[in-house]
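# Secondary and tertiary structure notes
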Amino acid sequence: MPAEPIIELLSYQRRKRFFWSLVLIFMITLPVAIFYTPGYRISYVGDTATIMPTGGLYVNTDTTEIELWVNEEPVRNARLFRSAYYIQNIEAGMHRVVAQQTGLQTWVKNMPVDPYLVAEVTAFNLPVVPQIRLITEYETATGTAVVGSNQLTLLQGVSTTPPYIMSTSSATSSLVRNQEYDVLTTLFASSTQGTSSPRVSLLAVPELPPRFRFATTSADGGTSTPSLPNVVRNDMRLSVRDGEIYVEWIGNLNRIPNYFCIASGTASTTIARYGQHVFDQVTALWATTTPPWNPDATKLCRPVIPINRLRQTVYAMDFVPGRSDLVVLLLEDGVYVSEIDDWSWQNTQRLYAGVEPRLVIDNGRMYAYDQGVYFELLLTLITS
Amino acid sequence: MAEKSTTSRLPYAERPDFKVARAYELTGTDRRLYRTLEILPGLVAWITLIGVVLASMYASFFAAYFIIAFSIYWVLKTIFLSYHVRYNWRRLKHHLAIDWQQSIAQFPHDQIHHLVILPFYKEPDEVLEGALKGLADTRYDKQKLIVVLAAEERAGSEAVALGRRMVSTWSDTFGKILLTVHPDGLPGEIPGKGSNTHFALTQVLHSVIDPQQIPYRDILVSIFDVDTVVYPDYFNCLLWHFFKAKNPYKSAFQPVPLFTNNLWEAPALSRVMAMSSTFWQMIMQERPDRAATFSSHSVSFQALYEIGFGQANVVSEDSRIFWNLMIANDGNFDTVSMSYPIAMDATVAPTVWGTIKNIYRQHRRWAYGTENWPYIIYHFIKNKRIPLRKRLVVGALQGEGYWSLVTNPIMLFILGWAPIYLGTQEFHTTVLSYELPIIVRNLLVIAMAGLVVSSVISLSLTPPRPEGHSRFKYVVMALQWIMVPLTMIVFSAIPGLDAQTRLMFGRYLGFWVTPKRVK
C-alpha cells in the first residue's frame, strides 16, 4: 500500500496541450465539414484530383424493401428513413432512377440533378398480381371468409388475405352474416341504380354499361364535365377539362410540390431535363393570361399537370386514398394508378384488370366489385 | 487564545454588501447593477435559444453551419471532459489504495481538531445513523472530532428529539458531539442548509471552541450534507492535503461525492443523474482553477471565521461560501482537489414520478447556483484588489458554464434539427439540408461513445451488490447511460433554464430540501 500519492493532479500544462490539440482538430475539421456538407467532393480522374460540386437524390417509396438503381448501378446504404432513400454524391446531369422489387411493378424516372441541390421524387410500385381482401356475404364464426364456387374464377388471378374457405352447401345457418358486405352492397347498389352522373364516362362510349360510382369524394362544384365531379384533396384539384384529366395546384404557391416546377432554362435544356411535353405546357402558358409562376429567378411553376389516361375511356377518377401524389383511374381495361409527377414521363401501373370491375372508394379504402365478388384492392404485397 | 487574538474578519468581509444575496438588498446604482447581473444569465440563454430558432427560420444556411460547428465542438468537448474523468478516476482509485494514516505521520497533527457539521431537517433516523457510523468508522482519533448535529426548529420536535437521541447514543464515541437547533424565522435568513450551518458554526464557536480555547487555525471544518458517509481515511486524506497545500488557510478541500449509499435501490434514472453529477465533480477535481466548492467539503475554521461563516441568505450555500472566501481574500483562495470519495444518497422517492420530480427540483436548486454569477461579477467590479486577469477569466468561465448548462443540450438534441423543420423552401432542396441531420447524427454518435467510458467507470464505482439484487442489474447499470441525451435536457437544461428564468424575473427560489432515502 503506497504511503504517498504518486499520481499528481492533471497538470495545467498537460491540460493546456490537450486543449490546444483539440482546438487544432476543430480548426481542421470545421472547414472540411463546411466544404463537404453543401456537396463539394474530391473527384479523381486518372491521377488528377478535382473539386466537384455534387447534388443528391431523395427517393420516397411506399415499400420498405425496395431495390434502387441509379444509372444501372444498385444503390446501397442510402436509407434515411424507413422508406426513404437519400443518395449522395450524384454528379450534375440526368440520372435514370429505377425502383423495383420481386412481385412489384417497376418504376422508372429520369431525374435532373443540379449541383448543391437534391432532386426529390416519390416512387410507387404496385403488385404485379393484384392483392385483394375478400368481402364475402358470410363468414365463419372465427371470421374466415366463405366463398361460393361461382366466385372461383376471379380468385385465380389474384392474391387474397385473409384465408378463405369454399362453401360446400347453400346452408348458411352455421355462418355469420358479414356486415361489411351489406354496407358494400348498398354502396354499389346506389351506384348502379342511381340516376345521376356516374353513368356517364369521360369520353362518350354509349354502349358501355354503367359500372361504378365514387362514394366519398369531395366535390367542389367546379365547372368540369358534370358526369365526373371534381375531386379536391390537400390543395389539389382533380378535374376534367376538354376531354382530358388535369391535376391543379390550388393551394399556397409557396408550398407547391416540386414536380409542378421546373428549372428556368433554354428550350433544349428544358426538353432534355423534363421532356417535350413539359416544355410544351410551359410554352403554352406563356401565351395565356396566366403565365408560369416564377418563385425565384431559377424556377418556373405551372399550376396544372395533365394525367395520362392511356388513350382510354375514363369511368372514374380520384386520388389514391392516403396519397395526394397519385391518382386512381378506372379505365376500359382495369383500374390504374398514375403519378401526377410528369417529369420525363408519368408512371402508370395497373392495379387490377378483371372483367368489368366497378369501383367505390369509401372511408379511405378502395373497394371493387367484379364477377360477383366484392373485395378491397390493396396497394402493397400481402405479407403473411 | 494567542491564535484567536490574531484572527479577525477580513476587511472586505466587513462591507455591508459583502453578503448580498439579491438585488433588492442594495440601493441606488448598486441595486440596478446587481439586478442587471441577475437578469443577464437567463436573458443570454433565452436569446441564444430563440436566436437559433429564428436563424433556422430566416437564415437557415447560417444556422446549419453553426449547428455543424457546434456539434464538432461538442464532440471535442466530450473528449476533453472524458479525458478528465478518466484521469481523475485513476487518481481516485489510487487515492483509495493509499495508507493515508501512514502518510500524515510525517506532519505534526495532534493539535488539529475536526469540526463536522451535519445540518439536517426531517431525514429518517437511518440517515443520521449512517453519517455518524461513517464518522465512527474512520481511521482517525475520534477524540479529535467535534460533531455538530444541526437541527431545524421548523422541522418540529421530532427532529430535535432525534438529534438528542443521537447525541446520547454517540456521546462516548467522539471527542464532542452536540446538538444545535436553528431557530425558525431569524431575520435576514432564508430557511435551508446555509442558514442552519451558519447558526451551528456560531453556536459551536461560543459553546466549544472559545471556551476550550482551541486555536481557529487548528480546526478543520467539514460541512457535510446529512447523508454523507465518509470513507475510512477521509480525515487523514484531508489532513495530508491540508499540510501539502500551498496555502492551507486559503484553500477549500473538495472530495468527490459518490451518490452510492442507496444506488442499488435507486431507479435507473436516478442512478444516471447521480453518476452524472459525480462525473462532473470528477472533471472539476482536475480543473480546480474552474471549481468552486460543492455539497460536502472542508475548510479551515479560521478561513470561515474571517468571513463571518458565509451566508445564511442564499440557496446555493455550498458554492457561495467559496466565492465569499475568494472575494474576501482578494482572489487569493483556491479549491484543492482531494480525489477521495465520500458517499451520499442518490435522489429517490417512493414512486417513479416522485423520483422524477425530486431529481428535477434538486437539479433546479443546483442550477440556481447561477445566483452566484451576479454576486461574483458584482464583487469583481467592487474589489479591485483581485487581479484583473483573474476577474476576467473566472467571470467568463463561470458565465460560460451557466450558459452552456442550459443551452448546449437543447441546441444539440432539439434545435440541431430546427433548420430542417423551420428552414426556408430554398434551404430544403439543398444538399446541405439533407447532410445536416446525417452529420449531426454521426457526430452525436461519436460523442455518445464517451458514454461507454461513463458506463465502465460508473460500474467500477458501484458498491458491491447487496443480497436480494439480481446480477442482471449490472447489465441495466451498464445500459442505463443511453438515457443521457434525455436526462441532459430534462434534468439539466430545463431545470437550469427554469432557475435562470426565475432569477431573471426576480422570482427568487427558496431552499428545497432533497428528501433522503425512502422511509
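What counts, and where the lines are drawn
- Residues numbered from 1 in each chain as written.
- Chains lettered and ligands numbered in written order.
- Predicted model: local features only at pLDDT ≥ 70, side-chain atom pairs only at ≥ 80, totals over all residues.
- Helix = DSSP H or I, 4+ residues; strand = E, 2+ residues; numbered from the N terminus.
- Rg over C-alpha atoms; globule rule 2.2 N^0.38 Å.
- Buried ≥ 20, exposed ≤ 12 C-beta atoms within 10 Å, placed from the backbone.
- Contact = placed C-beta atoms within 7 Å.
- Domains from an automatic or database assignment.
- Nonpolar A, V, L, I, M, F, W, Y, C, P; charged D, E, K, R; others polar.
- Pairing = 2+ DSSP bridges.
- Axes fitted to C-alpha atoms, helices over the stretch in contact; angles between N-to-C directions.
- Parallel < 35°, antiparallel > 145°, perpendicular 65-115°, else oblique.
- Core = buried A, V, L, I, M, F, W, Y, C linked by C-beta atoms within 7 Å.

### Thoughts on the overall build of chain B
Secondary structure summary: chain B contains 19 helices and 8 strands in total. In summary, chain B has a C-alpha radius of gyration of 24 Å against a globular reference of 24 Å for 519 residues, a match within 12%. Across its three principal directions, the C-alpha atoms of chain B cover 80 × 65 × 45 Å. Sorting the 519 residues of chain B into buried and exposed places 52% on the buried side. Long-range contacts, defined as pairs at least 24 residues apart, comprise 83% of the intrachain contacts of chain B with a sequence gap of at least 6.

### Notes on the overall build of chain A
Along chain A, the regular secondary structure elements total 5 helices and 29 strands. With 384 residues in all, chain A has 35% of them scored as buried. Long-range contacts, defined as pairs at least 24 residues apart, comprise 55% of the intrachain contacts of chain A with a sequence gap of at least 6.

### Observations concerning the domain arrangement of chain A
Put simply, an interface is often sized by how much accessible area is lost when its parts join up. Residue and element names in this part refer to chain A. Entries for chain A in the domain assignment read domain 1 (53-122), domain 2 (131-240 + 307-378) and domain 3 (251-302). Taken residue by residue, the interface counts 7 residues in domain 2 and 6 residues in domain 3. In terms of residue class, the side of domain 2 that touches domain 3 is made up of 3 nonpolar, 1 polar and 3 charged.

### Focus: the sheet that holds strand β26 (residues 348-352) of chain A
All names here are of chain A. Reading across the sheet, the 4 strands line up as β23-β24-β25-β26 and stay open at both edges, with antiparallel pairing between neighbours. Looking at strand neighbours, the two that pair on one side only are β23 (314-319) and β26, the edges of this open sheet. Averaged over all pairs of adjacent strands, the angle between their axes in this sheet comes to 25 degrees, without regard to strand direction. Judged from the 5 bridges that link them, β23 and strand β24 (residues 326-331) form a sheet pairing that is antiparallel. Considered in β24, the bridge of Val314 is made with Leu331.

### What to know about the pairing of strand β4 (residues 67-70) of chain A
As judged from the 4 bridges shared by β4(A) and strand β8 (residues 93-100) of chain A, these two strands associate in the antiparallel manner. In the strand pairing of β8(A), A:Leu68 is matched with A:Ala99.

### Quick word on the interface of chain A and chain B
Taken together, the contacts link 29 residues of chain A with 31 residues of chain B. Going through the elements one at a time, α1 (12-36) and β3 (55-60) of chain A are the ones with two or more residues in the side of chain A that touches chain B. The element best represented in the side of chain A that touches chain B is α1(A), accounting for 9 residues. In the side of chain A that touches chain B, the residues fall into 22 nonpolar, 6 polar and 1 charged.

### With respect to the environment of A:Leu175
Residues and elements named next belong to chain A. Mapped onto the fold, Leu175 is located in the loop between β15 (164-166) and β16 (176-177). The class for Leu175 is partly exposed, based on 16 C-beta atoms found within 10 Å. Setting aside residues up to four positions removed in sequence, Leu175 forms contacts with Tyr138, Glu139, Thr140 and Val146.

### Description of the sheet that holds strand β7 (residues 297-300) of chain B
All names here are of chain B. Strand order in this open sheet of 8 strands is β3-β2-β1-β4-β7-β6-β8-β5, and the pairing throughout is mixed. Each edge of the open sheet is held by one strand with a lone partner, namely β3 (176-182) and β5 (229-230). Of the strand pairs in this sheet, strand β6 (residues 251-258) and strand β8 (residues 334-343) are connected by 7 bridges, and their pairing is parallel. Directly across from Gln254, in β8, lies its bridge partner Ser337.

### A short note on the packing of helix α2 (residues 28-58) of chain B against helix α3 (residues 60-97) of chain B
All names here are of chain B. Two elements in contact, α2 and α3, have axes whose closest approach is 5 Å; the angle formed by their N-to-C orientations is 130 degrees. In terms of axis orientation, α2 runs oblique to α3. Along its contact with α2, which presents Val52, Ala55 and Ser56, the element α3 presents Ser60, Phe62, Ala63 and Phe66. Class assignment for the residues of the contact of α2 with α3 results in 5 nonpolar, 2 polar and no charged.

### Some thoughts on unusual backbone geometry
Phi is positive for A:Asn363, close to 55 degrees, though the residue is something other than glycine. Following the sequence through the fold, A:Asn363 ends up in the loop between β27 (358-362) and β28 (365-370). By C-beta crowding, A:Asn363 is classed as exposed, having 9 other C-beta atoms within 10 Å. Phi at B:Ser339 is positive, roughly 50 degrees, even though this residue is not glycine. In this structure B:Ser339 comes out as buried when scored by C-beta crowding, with 26 C-beta atoms within 10 Å.

### What about the environment of B:Met326?
All names here are of chain B. Turning to its location among the elements, Met326 is positioned in helix α11 (residues 317-328). Since 25 C-beta atoms lie within 10 Å of it, Met326 is described here as buried. Along the sequence, Met326 and Ala274 sit 52 residues apart, while their C-alpha atoms lie 28 Å from each other. In this view, Met326 contacts Gly331 and Phe333; residues no more than four positions away in its chain are not counted.

### Let's talk about the packing of helix α17 (residues 431-461) of chain B against helix α18 (residues 472-479) of chain B
Any two packed helices are characterised by the angle at which their axes cross and by the distance between the axes. Residue and element names in this part refer to chain B. Interhelical geometry of α17 versus α18 gives an angle of 140 degrees and a closest axis separation of 8 Å. Here α18 runs oblique to α17, going by the angle between their axes. Residues Ser455, Ser458 and Leu459 of α17 lie in contact with α18, whose contacting residues are Tyr474, Met477 and Ala478. Residues of the contact of α17 with α18, tallied by class, amount to 4 nonpolar, 2 polar and no charged.

### Description of the environment of A:Asp318
Position of A:Asp318 among the secondary structure elements: in strand β23. C-alpha of A:Asp318 to C-alpha of A:Arg233: the two residues are 85 residues apart in sequence and 9.3 Å apart in space.

### Notes on the nonpolar core
Among the nonpolar cores identified, the biggest contains 238 residues, and A:Val327, B:Val116, B:Ile117, B:Leu118, B:Val147 and B:Val148 are the most heavily contacted of them. For this core, the element with the highest residue contribution is α3(B), accounting for 12 residues. Residues contacting B:Val147, with those up to four places away along its chain left out, are B:Val116, B:Leu118, B:Leu135, B:Phe174 and B:Ile177.

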